Amino acid sequence: MRRIQRLLGSAGFGSALSSVVAILVGLAVGFIILLISNPRQAVAGLGTIAAGGFSGGMKGVGQVLYFATPLIMTGLSVGFAFKTGLFNIGASGQLIVGAFTGIYVATNMQWIPGPLLWLVALLAAAAAGAVWGAIPGLFKALLNVHEVIACIMCNYIGMYGVNFLIKNSNTYDSLKNQTVDVAQAAIPKWGLDKIFFTMKGKYADAASVNGGILIALALAALMYIVLNKTTFGYELKACGFNRSASRYAGINEKRSILFSMVIAGTLAGAAGGLMYLAPAGGQHITVVEVLSAQGFNGIPVALLGLSNPIGIIFSGLFVAYISQGGYYLQRMDYMPEIIDIIIAVIIYFSAFALLVKNLIASGTKKLAISREQAAEEADK
Amino acid sequence: MDTVIQMLHITKDFPGIRANDDVTLDLRRGEIHALLGENGAGKSTLMSVLFGLYRPEKGEILKNGKPVHIAGPNEANALGIGMVHQHFKLVHNFTVLENIVLGVEDIRGGVLHLAEARKKVVALSQQYGLMVEPDARISDVTVGMQQRVEILKMLYRENEILIFDEPTAVLTPQEIGELMKIMKNLTAEGKSILFITHKLNEIKQVADRCTVLRKGRCVGTVDVADTTKEQMSEMMVGRKVDFAIEKSPAHASGKAALRVENLNVRSKRHGKLLVNNVSFTVHKGEILCVAGIDGNGQSELVYALTGLAAAESGRIFLGGTEITLATIRERNNAGLAHIPEDRHKHGLVLDYPLAENIILKSYHKPAFRRKGFIRFDKMYQYTDKLIAAFDIRCGQGARTIARSMSGGNQQKAIVAREISEQPDVLIAVQPTRGLDVGAIEYIHKQLIAARDQGKAVLLVSLELDEVLNVSDRILVMYEGEMVADVDAQNVTAQELGLYMAGSRKGAAV
């Protein structure tokens, strides 16, 4: 009993509870939109959303894990920057630059033996993301240009630059207006397809999930350790909280800013690699003038996870789960646009986790006080 | 005399700490009632309860004998309660007059009418002797005038009960004298004043009665006329306090610990020399004080010495090695410690726990780092040791977030960190600003103890008492130049005042 009480009173539980409450509020508002657009199927619709990936059996769960992979990665990217006082709104550009670099390496360096090719391509993607993150980092550290401005510019330069490079390199499949298949460098499945599948007659219909989710989980654990246990993380966080005090303490705050952005860029670049280093039926970069949504979705994922790497794992899974629920909602009488709106609303409200956290904190305090008063009056 | 405000059995809790514990206080009409207590004793909390900023857990407030419920500053205002905060709440790009009427302005047909307000403000300022320029911008007027604007704001709203939260902390000695006069005038006109302070001289000068708080509890209320300063300080601290610091004569070894040669610092904004050709030496085993009125280049001098800002020219030596171009980390490692002027901006990472702040400068040393990881066990051990040794009071021990600690305890934490590093040279900039007598005594003793261990201390202070009591040798800085170099034994406050005002130049430094 004591242990449960201590668990309930701990800071970690408070944070998790606030995220859950924020999600419930989001679901409630989503339900209202369901009611307005199609009252007849609203309850069933909400059920479908709430059931999320589970509507599709084990394959559905696998799909959730698959779509969660880049979200966790960009969430880590944005969350890491948040923890160090920077707003990395440039995950989108870092992701696409990383993705292209990965595909380019996979297409042009096929002399590398098969089992290693995906790894080299993924590392190249991460390195390219690091460079793309370093640019706003350098501008911020040396010229005090706000990172949001530099990141937004880099998003567009990255997106148009990659479009240009795809069209002018051997990675272009002009028939489909997208990148070529890089099946030879696809992220290995590591047996996950043997777990996440549903039987269709005699055939096992496997989910798209691959080893990327394990890589993302490992990186989240690594980020948690770096931020909370190492002196390097201590320096970065100190700079995020108070640049002047960090300088006073002898920390090189310019270097810290640059490192923060490089790490954030690395994570987003790797996200791009994990997304697009896929088998023939998987995702390809299409040459359109749209910024990568996964990059931006890293922001709500980081907010919902309160920038804590472990929290980000769960929030990334949640956003993928609810999106998958929206996908199954198409079976009912809902327009795809309405589904997108509902999903957006739920994610949007989820990002209020921090607000809810503060509300809960003041609420529990009041409760404790009134209990104490009641106890004292009982004593009298 | 009738009672206007009674605060009965007020209790207010913050996480891990009871800021007010069953505090009772009554304020009579026309009196100046001082509220005395150490940092973190709960003075500001109690006044914030009266002003409606905090809701007390227990207790009630009576105005003219009737219970009142004060839910916020607006209710407090309606009840005639006004407050001058320690940090003024003024709009800097508004004029004096606009600031005074802000919130109760006279608007007709969507247009602001200031003519009547102007008449009223001028009348009020003459009645109480509060000289202000109604059309000057707040950003252009002195701190003293800003404070008078805050007082006029209360009078304009016809407040009867005026709360002053440490009003003298930001003023020059002349301005303090004026403020005391103004407070007397106000009570003569029937206003009642609650005066938060920890300066006993000021209480003796103006207050009628004094309520003393210690660790959130009310120690008692005394008549100031019948109580000595020593008695009041004993009530406040809970033990006897030495006003005169016991100090053996300095044993300056004659060995230079910090040497500055022809140092110049130029302002980036207007190109003026803020530190002008300054040279001096601090020896091992002495406390050298840089005195002067705020803004005469002391801050810039310290920034150049500690590496926070670059000097334009000149050389700095620590021991025998030149550190003019060294980084901050290199200077720290070479044995330079720095108690900074602004404890929130430079001294602490407010969102870090106390323990993380204690190792702010030493986290990279083997004592606290192994293979890139922080040695948390060592960090907590070391912090607990300093908490005990330096009597740092904090609700949750080493894990207390620095932001939630009182100013005095934040300062103690910084002093603990800097002195415990065993530096060769300690630069202390206004180390006791805003602290109570107990903490001031403690920090002064620590500085002297450091000196007696053979360390060199460079003290930068604006407080004449501190300058005269603590230091062995005094330099006076005026408009970026050192205008005097005197022995602390052979100089009077009056002489120092003349040097500081620039009306006299002493022996060439």
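Residues numbered from 1 in each chain as written. Chains lettered and ligands numbered in written order. Predicted model: local features only at pLDDT ≥ 70, side-chain atom pairs only at ≥ 80, totals over all residues. Heavy atoms only, no water.

**A few points about the overall build of chain A**
Moving on, step 1. Secondary structure summary: chain A contains 15 helices and 4 strands in total.
Moving on, step 2. Taking 21 Å as the expected radius of gyration for a compact globule of 380 residues, we find that chain A reaches 23 Å, a close match to that expectation.
Moving on, step 3. Across its three principal directions, the C-alpha atoms of chain A cover 85 × 65 × 35 Å.
Moving on, step 4. Looking at chain A residue by residue over its 380 residues, the buried ones come to 50%.
Moving on, step 5. For chain A, long-range pairs separated by at least 24 residues make up 77% of all intrachain contacts whose partners lie at least 6 apart in sequence.
Moving on, step 6. In the structure as shown, chain A presents an accessible area of about 17600 Å², 68% of it carried by carbon and sulfur atoms.
Moving on, step 7. A distance of 6 Å separates the average location of the 25 positive side-chain charges in chain A from that of its 15 negative side-chain charges. (Helix = DSSP H or I, 4+ residues; strand = E, 2+ residues; numbered from the N terminus. Rg over C-alpha atoms; globule rule 2.2 N^0.38 Å. Buried < 20%, exposed > 50% of the residue type's maximum accessible area, 1.4 Å probe, protein only. Contact = heavy atoms within 4.5 Å. Areas by Shrake-Rupley, 256 points an atom, 1.4 Å probe, with all protein chains shown as cover. Lys, Arg positive; Asp, Glu negative; His and termini not counted. Charge placed at Lys NZ, Arg CZ, Asp CG, Glu CD.)

**Overview of the nonpolar core**
Moving on, step 1. Ranked by internal contacts, the top residues of the largest apolar core, which has 92 residues, are A:I49, A:I72, A:V209, A:L277 and A:I285.
Moving on, step 2. Broken down by element, the residue count for this core peaks at 12 residues, all from helix 4 (residues 57-83) of chain A.
Moving on, step 3. Here A:I72 is in contact with A:I213, A:A216, A:I312, A:I313 and A:G316, once residues within four sequence places are set aside.
Moving on, step 4. If you look at the next biggest cluster of nonpolar residues, it comprises 50 residues, including B:F88, B:L97, B:L155 and B:L162. (Core = buried A, V, L, I, M, F, W, Y, C linked by side-chain atoms within 4.5 Å.)

**Some details on the domain arrangement of chain B**
Residue and element names in this part refer to chain B.
Moving on, step 1. Once the domains are mapped, chain B shows domain 1 (3-237), domain 2 (255-335 + 425-436 + 450-509) and domain 3 (344-422).
Moving on, step 2. Measuring from the centre of the C-alpha atoms in domain 1 to the corresponding centre in domain 2 gives 36 Å.
Moving on, step 3. If you look at the interface, domain 1 gives 5 residues, while domain 2 gives 4 residues.
Moving on, step 4. Here domain 1 and domain 2 share an interface that buries about 450 Å² over both sides, 42% of which is from carbon and sulfur atoms.
Moving on, step 5. Among the residues of domain 1 in contact with domain 2, E38, N39 and H198 are the three that bury the most area, contributing 63% of the side total.
Moving on, step 6. Where domain 1 touches domain 2, the interface holds 0 salt bridges.
Moving on, step 7. Where domain 1 packs against domain 2, one counts 0 residue pairs in polar contact (both at pLDDT 80 or more).
Moving on, step 8. Its residues placed into classes, the side of domain 1 that touches domain 2 shows no nonpolar, 3 polar and 2 charged. (Domains from an automatic or database assignment. Buried area = accessible area lost by both parts, 1.4 Å probe. Salt bridge = Lys/Arg side-chain N within 4 Å of Asp/Glu carboxyl O. Polar contact = N/O pair within 3.5 Å; in protein donor to acceptor, adjacent residues only side chain to side chain. Nonpolar A, V, L, I, M, F, W, Y, C, P; charged D, E, K, R; others polar.)

**Digging into the environment of B:V460**
Moving on, step 1. Among the secondary structure elements, B:V460 is positioned in strand 22 (residues 456-461).
Moving on, step 2. Excluding its chain neighbours within four sequence positions, the residues that come into contact with B:V460 are B:V290, B:Q298, B:V302, B:A428, B:V429, B:Q430 and B:P431.

**Thoughts on the packing of helix 6 (residues 114-143) of chain A against helix 11 (residues 253-276) of chain A**
Residues and elements named next belong to chain A.
Moving on, step 1. Where helix 6 contacts helix 11, the axes come no closer than 6 Å and their chain directions differ by 150°. Here the hand of the crossing between helix 6 and helix 11 comes out right-handed.
Moving on, step 2. Per-class residue counts for the contact of helix 6 with helix 11 are 15 nonpolar, 7 polar and 2 charged. (Axes fitted to C-alpha atoms, helices over the stretch in contact; angles between N-to-C directions. Left-handed = near helix turned anticlockwise from the far one by under 90°.)

**Overview of the sheet that holds strand 13 (residues 256-266) of chain B**
Moving on, step 1. Taken together, the 4 strands give an open sheet; going across it, the order is 14-13-16-17 (chain B), and neighbouring strands pair in antiparallel fashion. A single partner strand is all that each edge strand has here, and the edge strands are strand 14 (273-283) and strand 17 (321-322) of chain B. (Pairing = 2+ DSSP bridges.)

**Looking at the sheet that holds strand 10 (residues 192-197) of chain B**
Within a sheet, each strand pairs with its neighbour through backbone hydrogen bonds, oriented either parallel or antiparallel.
All names here are of chain B.
Moving on, step 1. Taken in spatial order, the 6 strands make up an open sheet running 6-9-10-3-11-12, and their pairing is mixed. The sheet is open, and its two borders are formed by strand 6 (81-84) and strand 12 (217-223), each paired with just one other strand. Each strand axis lies, on average, 20° off the axis of its neighbour in the sheet, ignoring direction.

**Thoughts on the pattern of salt bridges**
Residue and element names in this part refer to chain B.
Moving on, step 1. Under the criterion given, the structure shown has 33 salt bridges over all chains.
Moving on, step 2. With its nearest N and O atoms 3.3 Å apart, the salt bridge here joins D26 to R209. Of this pair, D26 sits in strand 2 (residues 17-28) while R209 is found in strand 11 (residues 209-214), placing the two residues 183 residues apart along the sequence.
Moving on, step 3. On the basis of relative accessibility, which here comes to 24%, the residue D26 falls in the partly exposed class.
Moving on, step 4. Using a relative accessible area of 6% as the deciding quantity, one classes R209 as buried.
Moving on, step 5. Note that D391 and K412 form a salt bridge whose closest N and O atoms lie 3.7 Å from each other.

**Here we look at the pairing of strand 9 (residues 161-165) of chain B**
All names here are of chain B.
Moving on, step 1. Burial analysis of strand 9 places 5 of its 5 residues in the buried class, which makes it a mostly covered element.
Moving on, step 2. Here strand 9 shows a buried face lined by I161, I163 and D165 and a second buried face lined by L162 and F164.
Moving on, step 3. Bridge count between strand 9 and strand 10: 5 bridges; the pairing is parallel. Following the sheet pairing, I163 is matched in strand 10 by L194.

**Looking at the confidence of the model for chain B**
Atomic detail in the predicted coordinates should be set aside for any region of low pLDDT.
Moving on, step 1. Residues with a pLDDT of 70 or more make up 95% of chain B, whose mean pLDDT is 87.
Moving on, step 2. Predicted as a complex, the structure gets a pTM of 0.75 and an ipTM equal to 0.81. (pLDDT = per-residue confidence, 0-100.)

**Re unusual backbone geometry**
Most of the time, phi is negative for any residue but glycine, and the peptide bond is trans.
Residue and element names in this part refer to chain A.
Moving on, step 1. A positive phi is found at N177, a non-glycine position, where the angle reads about 55°.
Moving on, step 2. Tracing the sequence through the fold places N177 in the loop between strand 1 (172-173) and strand 2 (178-179).
Moving on, step 3. For N177, a relative accessible area of 28% gives the class partly exposed.

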